[in-house]
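# Tertiary structure, described
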Number of protein chains: 2
Amino acid sequence: MPRLRVGIAQLNAVVGDLDRNAQRVLDAYDAATAEGCDLVVLPELMVTGYPPEDLLLRPAFVAAAAETVGKLAARTGDPAMVVGFPEQAGRLYNAAAVCAGGAVLGVYRKQLLPNYAVFDEQRYFTASTDAGPVFDIAGVRVGVTICEDAWEPGPILAAAAHGAEVIVNINASPYYAGRHAEREALLAERAREVGVPIVYVNLVGGQDELVFDGGSLVYDGAGTLVARAKQFTEDMLIVDVEAPSVAPARVEVPFEPVREVYEALVLGTRDYVRKNGFTDVLISLSGGIDSSLVATVAVDALGAEHVAGVMLPSRYSSEGSVADAQLLADGLGIRSFVIPIEPAHAAFEQMLAPVFEGRAPDLAEENLQARIRGNVVMTISNKFGWMVLSCGNKSEMATGYATLYGDMAGGFAVIKDVPKTLVYALCRERNARAGRDLIPQSVLDKPPSAELRPDQKDTDSLPDYDVLDPVIEGYVEGDESVAELAARGIDAELARRVARMVDRNEYKRRQAPPGVRVSRKAFGKDRRPPITNRWPG
Amino acid sequence: MPRLRVGIAQLNAVVGDLDRNAQRVLDAYDAATAEGCDLVVLPELMVTGYPPEDLLLRPAFVAAAAETVGKLAARTGDPAMVVGFPEQAGRLYNAAAVCAGGAVLGVYRKQLLPNYAVFDEQRYFTASTDAGPVFDIAGVRVGVTICEDAWEPGPILAAAAHGAEVIVNINASPYYAGRHAEREALLAERAREVGVPIVYVNLVGGQDELVFDGGSLVYDGAGTLVARAKQFTEDMLIVDVEAPSVAPARVEVPFEPVREVYEALVLGTRDYVRKNGFTDVLISLSGGIDSSLVATVAVDALGAEHVAGVMLPSRYSSEGSVADAQLLADGLGIRSFVIPIEPAHAAFEQMLAPVFEGRAPDLAEENLQARIRGNVVMTISNKFGWMVLSCGNKSEMATGYATLYGDMAGGFAVIKDVPKTLVYALCRERNARAGRDLIPQSVLDKPPSAELRPDQKDTDSLPDYDVLDPVIEGYVEGDESVAELAARGIDAELARRVARMVDRNEYKRRQAPPGVRVSRKAFGKDRRPPITNRWPG
């Protein structure tokens, strides 16, 4: 069996920037072929970035993608390239072009189109019913598949039945906690089923809510892991395949679970900020744990010189809050300034007094303060061109314990998919790695409070987070009903209360900024309940 | 041929309120059978409301729908009932239960599942590959189809081939301008193709962005329109079918095009407000045409006693603006109050002065004022439980000529799918119908201005609306590229500028409240571009 040297180019694409993506492909192709590669594999829809969403409905966009593939093919020499693009062929296909010798040798079209969770591929693409051609590359028969094709046995079995000695599977597979272990178990099984090596290349980088985590993989025909690329960064893996064997290669160690989530937040934030043309971010620092984590992630994503913190104390803020926020800012080495909101707070009270006469203070007055802060951060954002990062966590987003246009205001909601209990774990992990209290211990120790009225605590309105978070996980991520939650031991009244809070606050979440998806089901395109909805859960 | 009397129950469902929907079905069934109907037809997914979206992923919800259908069937006598529900049968189907004599006689499963525009049916349902049973109802063979099944010839041809003498087509078909004419042309063609009468029943009512416009239809086997129900309201049509003939019945005249859009806005607003449990709404009245139209729609939707207007003049507001807003409020008979925003405006300036020192006023100071207004209306909303209706039109939403968390703040954006030029037409139509200047003539006459700096006009930042709106229509609704727009005579520089504005403001639209879809492609679930997107258009 001839030896096939494969370069696995785990790249970060930018949606819509076809020229830039093509240049990255050619750079990777040149680097891999300089190392003697016979075949260079690129991710799914690398030419356009993934997911291009409704750009795929624009004929000019699809035509430009085809033209770009033509240019890529024209640049190839003897070594082959496999690269993902949308192919217009009467209908639109999610396709992979196999190019060599200056031309497109053939095209594989994806057979299984995911249309669940964050995926809408059936909105755009037609599923192929054909296993596609097997390509002779340097004397080895190579079968091509795309992402979801590997999640059922059919397509890879068909490729092997057509004589494929190596299976290439190109991906744009987004991250969630635990995802890479699922992928690895599955790919090992697929390789064993057909006794053929599988080369799995994944996209890397952030795109709106999604983070593609890289971690590209190679299995030999016995289903043994032979190579693993880095997570959350571009990488090039090179492997020598002598089917069904693969020579031992570099196997990166995956991150521990909490660190892995942290790295997803960092990459998702960096790419959202930078790919949207921003350099700097602004964070409202309350002295609480959520904004402390967001600031720390931002510093790791962008550098301390690109992060600014603003403290916006009100008449109800404790001295400890401002001190803690200042301690954090100093520890991180970020710019910070303090703008007490009392003048605006007093002005609004005066303006509203005639209308509110005779009414007791309630949630309206609390939200008012949060919205004054929202206005200040947005005005600074507009003035200096800094993107505002909002700091609400998943527990708050679920229950609506947040003010629309107030603390929810911002361009990106870094931790909106991170439950409060995981917020603590992330802070402890980051402190441990720093070897010092980057997030001050006082922030970790004090009970959470919005400080919008005297002596307020989160637990005035919400269950303890260690009680709340598992209910949210069951109701939101598990689609369990109140009855099902009660049947497995959760207090029925609590389950009913949480379900009601989750459902009644869908209208707020619909107006929230995007944030990094790190769970199996994030608020956003992953979860699409109606707003107008009387189902009791 | 026996005579089949059919009752077409065009009902307004509430998503998730299965008991209430079932009661409405039974009331309609009883009313129709009291009129001698042999068959009563109800809309698609009437049991759950349409679209139930991700509620369909919850097993308890789907089980409850099945249980509800069982209860409905148990209540039937000799006359048959056709009612839409989600059927769990290993896989999930968009189905119609045919019930009579206390039992479910059989189930039809939808064959064509729309997964484009606002539809995501392939996210939830499996497509049937089976034409389904033909049902003997009072001696007549009745074939059942569901909505999209009628949009290609196959399913109706198959039902006729299986012996159907009448085709029932149950629908949840959302409105856009011009939609009913398309439906009518299509159904006439389908009836002619098979020579069999078609009974088309549509849902009516608002559900989040969508308005189902009713207008149920009956065609005889020659493709002649025999009956048409009312638009935008519940209705019951009764027809006597003697296949392939149908006895002449009631044919409602559809609304004129501008009036039709107006009625869609009224129903969409009424149902969003009421189905979400609100009775009253609050509108920030600027004295401009957009807020004038929204207030007028709100009064028609909810009654003047349920609408409040607040005027929020700033140092840049003209006297004419407040006077025009007051004139409008008085003419509509709504509550109104005036809260000058100067105290808060001055307070923010003072708070921000140290940070902004040495910088000239710019957009930041303009947005600040809009966000002060946003805060006031939201604080009043929180205090009194009134839903805020925001007033941005489609031209503004497209170009981003609106302040996020400012004038964009609210629970429902009534006219977000109405281009500015259509805003004028709607006001003129409503005034003509009123026989007086419900919307003051001065509001119609003055040049549009945000009044956020001295002597500001919309045309300082935007092209004239009669130039802008056709470009938006081509770029947004038509998915045309800049080059394609230029090729059909639109100034290339203008097209490029508009495309850039549309694309760069996707992040704002993503945080906008929902509003009524009245066009072929509305911002919202209808149009899903990435935010992070470097495609130049």
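Residues numbered from 1 in each chain as written. Chains lettered and ligands numbered in written order. Predicted model: local features only at pLDDT ≥ 70, side-chain atom pairs only at ≥ 80, totals over all residues.

### What about the overall build of chain A?
- When helices and strands are counted, chain A shows 17 helices and 20 strands.
- A globule of 537 residues ought to have a C-alpha radius of gyration of about 24 Å, and chain A, at 25 Å, matches this closely.
- Within chain A, buried positions represent 59% of all 537 residues.
- At a minimum sequence separation of 6, the contacts of chain A that also span at least 24 residues come to 70%. (Helix = DSSP H or I, 4+ residues; strand = E, 2+ residues; numbered from the N terminus. Rg over C-alpha atoms; globule rule 2.2 N^0.38 Å. Buried ≥ 20, exposed ≤ 12 C-beta atoms within 10 Å, placed from the backbone. Contact = placed C-beta atoms within 7 Å.)

### Focus on helix 16 (residues 492-504) of chain A
All names here are of chain A.
- Along its 13 residues, helix 16 runs 18 Å from first to last C-alpha, staying within 8% of the 18 Å computed at 1.5 Å per residue.
- Buried within helix 16 we find Ala495, Val498, Ala499, Val502 and Asp503. Seen along its axis, helix 16 keeps its buried residues to an arc of 130 degrees; they face one direction.
- Here the buried face of helix 16 lies against helix 11 (394-399), helix 14 (465-477), helix 15 (482-487) and helix 17 (506-509). (Expected span 1.5 Å × (residues − 1). Arc of directions from axis to C-beta.)

### A word on the interface of chain A and chain B
- Between chain A and chain B, the residue contacts involve 68 residues of the former and 68 residues of the latter.
- Elements supplying a minimum of two residues to the side of chain A that touches chain B: helix 2 (59-75), helix 3 (121-124), helix 6 (257-275), helix 9 (342-356), helix 10 (363-384) and helix 15 of chain A.
- By residue number, the principal contributor to the side of chain A that touches chain B is helix 10 of chain A, which donates 14 residues.
- Here the residues of the side of chain A that touches chain B sort into 36 nonpolar, 16 polar and 16 charged. (Nonpolar A, V, L, I, M, F, W, Y, C, P; charged D, E, K, R; others polar.)

### Digging into the relation of the copies chain A and chain B
- Of the transformation superimposing chain A on chain B, the axial component is 0.0 Å and the angular component is 180 degrees, with the fit at an RMSD of 0.0 Å. Given the turn and translation reported, the copies of this chain are related as if by a two-fold rotation axis. Closest approach to the rotation axis within chain A is made by the C-alpha atom of A:Gln511, at a distance of 2.0 Å.
- Interface overlap between copies: 100% of the residues of chain A at the interface are likewise at the interface in chain B, consistent with a symmetric, same-surface contact. (Least-squares fit on C-alpha atoms with pLDDT ≥ 70 in both.)

### Some words on the domain arrangement of chain A
Residue and element names in this part refer to chain A.
- Here chain A is described as being made up of domain 1 (4-253) and domain 2 (259-458).
- A separation of 40 Å is found between the C-alpha centroids of domain 1 and domain 2.
- Each partner contributes residues to the interface: domain 1 has ten residues there, and domain 2 has ten residues.
- Where the side of domain 1 that touches domain 2 is concerned, the elements lending two or more residues are strand 10 (204-207) and strand 11 (210-213). (Domains from an automatic or database assignment.)

### Concerning the environment of A:Leu42
Residue and element names in this part refer to chain A.
- Note on placement: Leu42 falls in the loop between strand 2 (39-41) and helix 2.
- In this structure Leu42 comes out as buried when scored by C-beta crowding, with 29 C-beta atoms within 10 Å.
- Along the primary structure Leu42 and Arg335 are separated by 293 residues, whereas in three dimensions their C-alpha atoms are 40 Å apart.
- Once residues within four sequence positions are removed from consideration, Leu42 is found in contact with Ala9, Leu11, Val25, Ala28, Met81, Val82, Val83, Gly84, Ile170 and Val201.

### Topic: unusual backbone geometry
- Between A:Ala243 and A:Pro244 the backbone carries a cis peptide bond, its omega angle lying at 0 degrees.
- Secondary-structure assignment places A:Pro244 in the loop between strand 14 (235-242) and strand 15 (245-246).
- The peptide bond linking B:Tyr50 to B:Pro51 adopts the cis configuration, its omega dihedral lying at -10 degrees.
- Checked against the element boundaries, B:Pro51 lands in the loop between strand 2 (39-41) and helix 2 (59-74).
- Positive phi values are uncommon outside glycine, yet B:Cys147 reaches one of about 40 degrees.
- Within the secondary structure, B:Cys147 sits in the loop between strand 7 (140-146) and helix 4 (154-161).

### Observations regarding the sheet that holds strand 19 (residues 387-390) of chain A
Residues and elements named next belong to chain A.
- Within the open sheet, the five strands sit side by side as 18-17-16-19-20. Their pairing is parallel. Strand pairing shows two members of the sheet lacking a second neighbour, strand 18 (335-338) and strand 20 (412-413), which therefore form its edges.
- On the sheet, helix 10 packs against strand 16 (281-284), strand 17 (307-311) and strand 19 and is oriented at approximately 165 degrees with respect to strand 16. (Pairing = 2+ DSSP bridges. Axes fitted to C-alpha atoms, helices over the stretch in contact; angles between N-to-C directions.)

### Quick word on the sheet that holds strand 19 (residues 387-390) of chain B
Residues and elements named next belong to chain B.
- Overall, parallel pairing links the five strands, which are arranged 18-17-16-19-20 in an open sheet. Bordering the open sheet on either side are strand 18 (335-338) and strand 20 (412-413), each of which pairs with just one other strand.
- Sheet topology note: the strand 16 (residues 281-284)/strand 17 (residues 307-311) ladder contains four bridges and is parallel. By the bridge assignment for strand 17, Ile283 is matched with Gly309.
- Together, strand 16, strand 17 and strand 19 form the strand contacts of helix 7 (residues 289-302), whose direction differs from that of strand 16 by roughly 165 degrees.
- Sitting on the sheet, helix 8 (residues 319-332) is in contact with strand 17 and strand 18, with an inclination near 170 degrees to strand 17.

### Here we look at the packing of helix 9 of chain A against helix 10 (residues 363-384) of chain B
- Between helix 9 of chain A and helix 10 of chain B, the shortest axis-to-axis distance is 11 Å and the interhelical angle comes to 40 degrees. Viewed along their axes, helix 9 of chain A and helix 10 of chain B adopt a mutual orientation that is oblique. Of the two possible hands of crossing, helix 9 of chain A and helix 10 of chain B adopt the one that is right-handed. On helix 10 of chain B, the residues that touch A:Phe348, A:Met351, A:Leu352, A:Val355 and A:Phe356 of helix 9 of chain A are B:Asn375, B:Val376, B:Thr379, B:Ile380 and B:Lys383.
- Looking at the contact of helix 9 of chain A with helix 10 of chain B, its residues break down into seven nonpolar, two polar and one charged. (Parallel < 35°, antiparallel > 145°, perpendicular 65-115°, else oblique. Left-handed = near helix turned anticlockwise from the far one by under 90°.)

### Looking at the pairing of strand 19 of chain A
All names here are of chain A.
- The two faces of strand 19 match: Met387 and Leu389 on one face and Val388 and Ser390 on the other face are all buried.
- Direction of pairing for strand 16 relative to strand 19: parallel, over a ladder of two bridges. In the sheet register, Val281 faces strand 19, and the bridge partner there is Met387.
- Pairing of strand 19 with strand 20 involves two bridges; the strand directions are parallel. Note that in strand 20 the partner of Ser390 across the bridge is Ala413.

### Things to note about the environment of A:Gly400
Residues and elements named next belong to chain A.
- Following the sequence through the fold, Gly400 ends up in the loop between helix 11 and strand 20.
- In this structure Gly400 comes out as partly exposed when scored by C-beta crowding, with 19 C-beta atoms within 10 Å.
- Each C-alpha atom, one on Gly400 and one on Glu506, is 8.1 Å from the other, the two residues being 106 residues apart in sequence.
- Look past the residues within four positions of Gly400 in its chain and what remains in contact with it is Met501, Arg504, Asn505 and Lys508.

### Structural notes on the pairing of strand 1 (residues 4-10) of chain A
Residues and elements named next belong to chain A.
- Summarising burial for strand 1: six of the seven residues are buried, a large majority.
- Note that strand 1 and strand 14 share seven bridges and pair antiparallel. Each bridged residue has a counterpart across the sheet, and for Gln10 the counterpart in strand 14 is Asp235.

### Section: the environment of A:Gly410
Residue and element names in this part refer to chain A.
- Relative to the helices and strands, Gly410 resides in the loop between helix 11 and strand 20.
- Given 28 C-beta atoms within 10 Å, Gly410 falls into the buried group.
- Separated by 36 residues in sequence, Gly410 and Gly374 place their C-alpha atoms 8.1 Å apart.

### So, the confidence of the model for chain A
- In this model, chain A carries a mean pLDDT of 97, and residues with pLDDT of at least 70 account for 100%.
- Here the predicted complex scores 0.97 on pTM and 0.97 on ipTM. (pLDDT = per-residue confidence, 0-100.)

### Thoughts on helix 10 of chain B
Residue and element names in this part refer to chain B.
- The end-to-end C-alpha separation of helix 10 is 32 Å, in line with the 32 Å expected for 22 residues at 1.5 Å each.
- Burial runs high along helix 10: 18 of the 22 residues are buried.
- Phi for Gly385, located one or two positions after helix 10, is positive at around 75 degrees.

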